[in-house]
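Reading the structure
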There are 2 protein chains.
Amino acid sequence: MGWMYTINDTIVALATAPGEGAIGVIRLSGSEAIAIAEKIFKGKKLSKLPSHTLHLGKIVAGETTIDEVVVSLFKGPKSYTGENVVEISCHGSPYILQQIIDLCLKQGARMAKPGEFTLRAFLKGKMDLTQAEAVADLIASQSGASHQAAMHNLRGGFSQELRSMREELIKFSALIELELDFSQEDVEFADRTQLYDLISRIREATRRLVDSFRLGNVIKNGVSVAIIGKPNAGKSTLLNALLNEERAIVSDIAGTTRDTIEEVLNINGVLFRLIDTAGIREHSSDAIERIGVQRSKEAMSNADVVVYLFDLKESLVADIIDQAEELKKTGTTYILVGNKSDALGIGNAKEKFAALDNNILFISAKNKENTQQLKEALYELAMQGKVKPEGTIVTNARHYGALQDVLRSLEDIKKGMDENLPGDLVALDIRNALHYLGDITGEVTTEDKLDYIFSKFCIGK
Amino acid sequence: MGWMYTINDTIVALATAPGEGAIGVIRLSGSEAIAIAEKIFKGKKLSKLPSHTLHLGKIVAGETTIDEVVVSLFKGPKSYTGENVVEISCHGSPYILQQIIDLCLKQGARMAKPGEFTLRAFLKGKMDLTQAEAVADLIASQSGASHQAAMHNLRGGFSQELRSMREELIKFSALIELELDFSQEDVEFADRTQLYDLISRIREATRRLVDSFRLGNVIKNGVSVAIIGKPNAGKSTLLNALLNEERAIVSDIAGTTRDTIEEVLNINGVLFRLIDTAGIREHSSDAIERIGVQRSKEAMSNADVVVYLFDLKESLVADIIDQAEELKKTGTTYILVGNKSDALGIGNAKEKFAALDNNILFISAKNKENTQQLKEALYELAMQGKVKPEGTIVTNARHYGALQDVLRSLEDIKKGMDENLPGDLVALDIRNALHYLGDITGEVTTEDKLDYIFSKFCIGK
């Protein structure tokens with residue numbers, strides 16, 4: 001794509017969400033942003049006005065008034081991109097927005113590519129790559145946890161940790177090289193223990209970041225929960241009880257739910273995507289329902305957590321024991337939930353399923369009894385083995401990959417020291433580690449990599 | 001609802017389209033707008049800053065940073081509403097937007113009702129009612145014609161015409177009253193001809209506005225075109241040819257199109273809503289297809305224009321003649337379109353259907369032959385009998401109704417003069433006419449009427 005060749009032109013895009021609204025905002029960035037806006041704006045002369053000011057006027061195409069607008073002026077470098085930026089705030093009609101963008105294009109602007117405004121901010125040194133990536137994460141954040149993780153990164157929290165690791169590594173490297181220079185003279189500038197301490201401190205920090213990705217992934221992508229069970233176990237009723245709204249069509253006719261339905265539930269700031277599945281019933285005569293059953297099995301094998309829901313009154317104890325065994329065999333994280341405690345009575349239910357020990361959560365989806373406990377159990381299951389670290393939580397798969405590379409290089413360094421490898425080989429591993437760290441922040445990068453990262457942004461950002 | 005009681009508080013709403021975008025804008029308006037924003041904004045002290053300026057800072061909830069934002073300050077009366085207005089431009093994440101709105105609510109703002117910002121602009125005298133209504137029309141405009149009509153009104157074009165009519169009426173009223181005062185003395189201040197001229201000038205202007213609504217309605221709401229015909233006449237292919245894209249599923253199996261599909265086509269700046277209907281086939285065995293046929297008939301009876309499409313090769317001439325007769329009987333505006341001229345050959349087709357004279361448009365939807373002519377024919381049919389006036393085109397049904405009332409009052413005045421009614425009765429009709437004119441601009445209005453008008457706006461406007 002060749003970003004580098006096109007950084008000098010002026011780009012334009014719709015910055016607000018598409019669709020009708022009270023207002024819509026079009027963003028122009030580049031050396032010609034103000035000149036282009038001036039050509040289509042009837043009002044004060046924009047180029048004569050100070051930065052960070054707002055101006056009422058009209059956007060015109062020849063004699064035709066397209067809209068009455070407010071123009072925001074940001075002169076570089078004090079702008080989002082670091083370049084001159086003009087934002088045109090007009091009436092939120094898709095027709096008008098398109099007309100104004102067309103006018104900007106006619107006057108020499110170019111349609112911005114996805115994420116290109118943020119790419120420019122990165123290239124102009126307004127932010128590093130982890131901050132740029134946090135912008136996209138922030139916009140996509142749907143829960144308190146994902147929002148806070150992205151905000152931490154946007155504000156440079158992650159960059160700072162990486163910088164301090166980098167500084168530690170450089171300090172380590174300096175010591176190694178000093179020893180190298182004087183290796184003939186048998187001088188010890190830093191005792192071995194100190195060097196070991198240093199490298200293990202960096203390794204520990206890196207490992208902490210690598211480990212945080214297990215949680216980070218959950219925070220960013222949420223937890224998928226498949227609710228499975230026989231027809232009429234009460235899956236749709238449970239979904240509704242959890243969501244506190246009538247989402248799925250509930251009916252007493254077995255096989256009502258044909259398609260999988262995905263709904264989002266926020267438990268303690270983490271998103272749970274609940275997948276209501278078609279009742280698992282093997283020999284359905286209805287073709288469309290058979291497809292539903294197939295999808296249900298797929299949803300189950302892709303889920304992070306499986307809720308196996310059964311009717312306490314109608315189910316045979318032996319069947320549930322079998323089912324639990326089967327789930328255990330597949331290695332799935334699951335929870336057994338006995339429903340309709342209202343019909344059987346909670347005491348009778350506990351007695352009936354005593355053989356399964358305390359492994360069942362007894363609920364009444366209809367009466368919303370114990371559904372709060374189910375939420376808490378889901379949260380516990382999702383968080384199992386995931387530590388919540390102080391500071392940065394890595395939520396980005398690219399960062400996770402690079403951090404694993406950093407960790408591998410650090411382990412190579414340690415191994416090299418253990419095996420008394422020549423200092424220059426150890427120095428190579430240090431350079432590797434520094435390279436991978438720089439890869440995360442964008443200090444070392446390629447056009448292809450930038451293209452890939454920013455292509456996942458929305459247009460206008 | 002009681003607007004008048006609530007004009008003194010501060011309102012807040014999302015001003016941009018809902019959904020994810022690069023940025024989203026939240027608007028606060030009211031005497032406390034700046035004070036409320038200041039409580040949640042970490043940056044410069046907003047109340048100390050001049051109007052029409054932009055400020056970078058953070059929105060915070062206690063210790064938690066919600067977002068990095070740019071705040072726009074507009075101090076009343078130089079703002080959209082005439083009150084103090086603060087716009088918070090943040091990252092376009094629905095989660096963040098909701099958080100910021102919640103913070104504003106906690107600090108004492110109230111959720112804005114639909115159109116309430118514009119209502120305030122009206123109540124503060126920033127615009128009259130026709131301009132306020134033009135704001136909603138402008139946002140909803142989807143074509144050049146509807147956009148220009150709304151822009152004309154927003155800029156006060158309509159208000160000005162009404163004002164000049166009002167002035168003429170007042171001039172007329174003054175003359176009548178002078179004559180009344182001196183009626184005993186048999187003095188003629190204005191000759192009868194002059195009075196007649198004056199009233200007919202106003203009537204003509206009013207009638208012109210009333211008449212413009214036929215076009216205005218088409219401009220605002222578009223023209224609905226039902227494409228009907230037997231299965232396999234090529235309706236979906238024609239729709240695709242007109243739209244230049246593959247919208248409907250085209251297949252050779254009769255009865256493929258089950259539901260009506262609506263697509264929008266812009267011809268000479270006017271919107272045509274094309275409705276592809278299920279093939280009309282009486283005795284379908286498939287229940288879902290039968291519903292489709294039913295909908296097809298409904299679409300046809302609701303359409304402004306019906307395109308009757310038939311296969312030139314397969315159709316019997318007598319059938320088409322019958323069909324044309326039937327359409328004529330219903331009073332529908334229709335056009336006969338013979339398709340698949342490629343299969344039969346255009347010469348053969350014309351010969352075969354010579355009995356129908358020149359009433360058929362011969363096309364090949366497959367080869368996009370004559371489809372441009374079809375577009376032009378549709379435009380001509382839709383514009384039949386609709387004059388394009390200079391100046392205002394009335395597009396609003398409320399204005400249309402009030403203008404009809406004005407016209408009726410003017411005719412009463414004329415009749416009164418013709419019948420030499422007492423001057424005070426004529427004066428009453430004049431007051432009626434002035435009342436209806438004031439009703440349009442909002443000089444005379446009721447809370448209920450305002451509630452009704454603004455409830456049709458989107459929230460945030």
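This section reports on the structure supplied with the text. (Residues numbered from 1 in each chain as written. Chains lettered and ligands numbered in written order. Predicted model: local features only at pLDDT ≥ 70, side-chain atom pairs only at ≥ 80, totals over all residues. Heavy atoms only, no water.)

For chain A, the count of helices and strands is 16 helices and 13 strands. Buried residues in chain A amount to 52% of all 461 residues. Considering only intrachain contacts with a sequence separation of at least 6, the fraction spanning at least 24 residues in chain A is 68%. Here chain A has roughly 21300 Å² of accessible surface; of this, 49% comes from carbon and sulfur atoms. (Helix = DSSP H or I, 4+ residues; strand = E, 2+ residues; numbered from the N terminus. Buried < 20%, exposed > 50% of the residue type's maximum accessible area, 1.4 Å probe, protein only. Contact = heavy atoms within 4.5 Å. Areas by Shrake-Rupley, 256 points an atom, 1.4 Å probe, with all protein chains shown as cover.)

Here the focus is unusual backbone geometry. For the peptide bond that leads from glycine 76 of chain A to proline 77 of chain A, omega is 0°, which places it in the cis range. With respect to the helices and strands, proline 77 of chain A occurs in the loop between strand 5 (64-74) and strand 6 (85-91). Although it is not a glycine, asparagine 268 of chain B adopts a positive phi angle of roughly 50°. Tracing the sequence through the fold places asparagine 268 of chain B in the loop between strand 9 (261-267) and strand 10 (270-276). We classify asparagine 268 of chain B as exposed; its relative accessible area is 56%.

Take the pairing of strand 10 (residues 270-276) of chain A next. All names here are of chain A. Of all 7 residues that make up strand 10, 6 are buried, and the element is covered over most of its length. Of the strand pairs in this sheet, strand 8 (residues 223-228) and strand 10 are connected by 5 bridges, and their pairing is parallel. Its bridge partner being in strand 10, valine 223 is matched across the sheet by phenylalanine 272. (Pairing = 2+ DSSP bridges.)

Below, the discussion takes up the pattern of salt bridges. For side chains of opposite charge, pairing can occur when their charged atoms come near one another. Residues and elements named next belong to chain A. Following the criterion strictly, the structure yields 40 salt bridges over all chains and no others. Residues arginine 208 and glutamate 161 are paired through a salt bridge, measuring 2.7 Å at the closest nitrogen-oxygen approach. Here arginine 208 is found in helix 7 (residues 192-221), whereas its partner glutamate 161 is found in helix 6 (residues 157-181), with 47 residues between them in sequence. The partly exposed category is assigned to arginine 208, whose relative accessible area is 26%. Owing to a relative accessible area of 21%, glutamate 161 belongs among the partly exposed residues under this scheme. In this structure, the salt-bridge partner of lysine 366 is aspartate 342, at a minimum N-O distance of 3.7 Å. Taken together, the residues span a long stretch of sequence, with lysine 366 in the loop between strand 13 (360-362) and helix 13 (371-383) and aspartate 342 in helix 11 (residues 341-344) at a distance of 24 residues. Residue lysine 366 is classed as exposed on the basis of its relative accessible area, which comes to 64%. Look at aspartate 342 and you get partly exposed, because its relative accessible area is 33%. (Salt bridge = Lys/Arg side-chain N within 4 Å of Asp/Glu carboxyl O.)

What follows covers the environment of asparagine 396 of chain A. Residues and elements named next belong to chain A. Structurally, asparagine 396 can be placed in the loop between helix 13 and helix 14 (397-418). Considered as a pair, asparagine 396 and aspartate 137 are 259 residues apart in the sequence and their alpha carbons are 8.9 Å apart. Not counting residues within four places of it along the chain, the set of residues in contact with asparagine 396 comprises Glu133, Phe213 and Lys220. A distance of 2.7 Å separates the side chain of asparagine 396 from the backbone nitrogen of arginine 398, its partner in a polar contact. (Polar contact = N/O pair within 3.5 Å; in protein donor to acceptor, adjacent residues only side chain to side chain.)

Taken together, the contact between chain A and chain B spans 47 residues of the former and 47 residues of the latter. Both faces considered, chain A and chain B share a buried interface measuring about 3700 Å² in area, 63% of it formed by carbon and sulfur atoms. Of all residues in chain A, the largest losses of buried area upon contact with chain B belong to Ile23, Leu54 and Tyr95 of chain A, amounting jointly to 17% of the total for that side. Viewed at the interface, chain B and chain A are joined by 0 salt bridges. Joining chain A to chain B, the criterion identifies 14 residue pairs in polar contact (both at pLDDT 80 or more). Counting only elements with at least two residues in the side of chain A that touches chain B, the list comes to strand 2 (23-29), strand 4 (53-61), strand 5, strand 6, helix 2 (94-106), helix 4 (129-140) and helix 5 (144-154) of chain A. Taken together, the residues of the side of chain A that touches chain B break down into 21 nonpolar, 18 polar and 8 charged. (Buried area = accessible area lost by both parts, 1.4 Å probe. Nonpolar A, V, L, I, M, F, W, Y, C, P; charged D, E, K, R; others polar.)

Attention now goes to the layout of surface pockets. Empty space within the largest pocket amounts to approximately 910 Å³. Along the wall of the largest pocket there are 38 residues; nearest its centre are Ser79 and Tyr80 of chain A together with Leu56, Val69 and Val70 of chain B. When residues of the lining of the largest pocket are traced back to their parent elements, those giving at least two are strand 2, strand 5, strand 6 and helix 4 of chain A together with strand 2 (23-29), strand 4 (53-61), strand 5 (64-74) and strand 6 (85-91) of chain B. Across the lining of the largest pocket, the residue classes tally to 18 nonpolar, 11 polar and 9 charged. The calculated volume of the second largest pocket comes to roughly 770 Å³. What lines the second largest pocket is a set of 27 residues, and nearest its centre among them are Leu56, Val69 and Val70 of chain A together with Ser79 and Tyr80 of chain B. With 5 residues, strand 4 of chain A is the single largest residue contributor to the lining of the second largest pocket. (1 Å grid on protein atoms, 1.4 Å probe; cavity = no way out; pocket = protein on both sides within 12 Å on 5 of 7 lines; lining within 4 Å. Points joined across faces, edges and corners; volume = space filled by probe spheres on them.)

Attention now moves to the pairing of strand 8 of chain A. Two faces make up the sheet, and in a regular strand the side chains alternate between them. Among the 6 residues in strand 8 of chain A, 6 count as buried, and that is most of the element. Taking every second residue as pointing to the same face, both faces of strand 8 of chain A are buried, with Val223, Val225 and Ile227 of chain A on one and Ser224, Ala226 and Ile228 of chain A on the other.

Residue and element names in this part refer to chain A. Together, Leu105, Met111 and Ile459 give the surface a local cluster of nonpolar side chains, amounting to about 230 Å² of exposed area. Relative to the helices and strands, methionine 111 is located in strand 7 (residues 110-111). Classification of methionine 111 as partly exposed rests on a relative accessible area of 37%. (Patch = residues over 30% accessible without salt bridge, like charges linked within 9 Å, V, L, I, M, F, W, Y side chains within 5 Å.)

Time to look at the relation of the copies chain A and chain B. Once chain A has been moved 0.0 Å along the axis and rotated by 180°, it coincides with chain B to within an RMSD of 0.1 Å. In the structure described here, the two chain copies are related by an operation that fits a two-fold rotation axis. When each C-alpha of chain A is compared by its distance to the rotation axis, threonine 53 of chain A comes out closest, at 2.2 Å. Comparing interface residues between copies, 100% of those in chain A also lie at the interface in chain B; the contact surface is shared. (Least-squares fit on C-alpha atoms with pLDDT ≥ 70 in both.)

Such coordinate-based values are descriptive only and should not be taken to indicate function.
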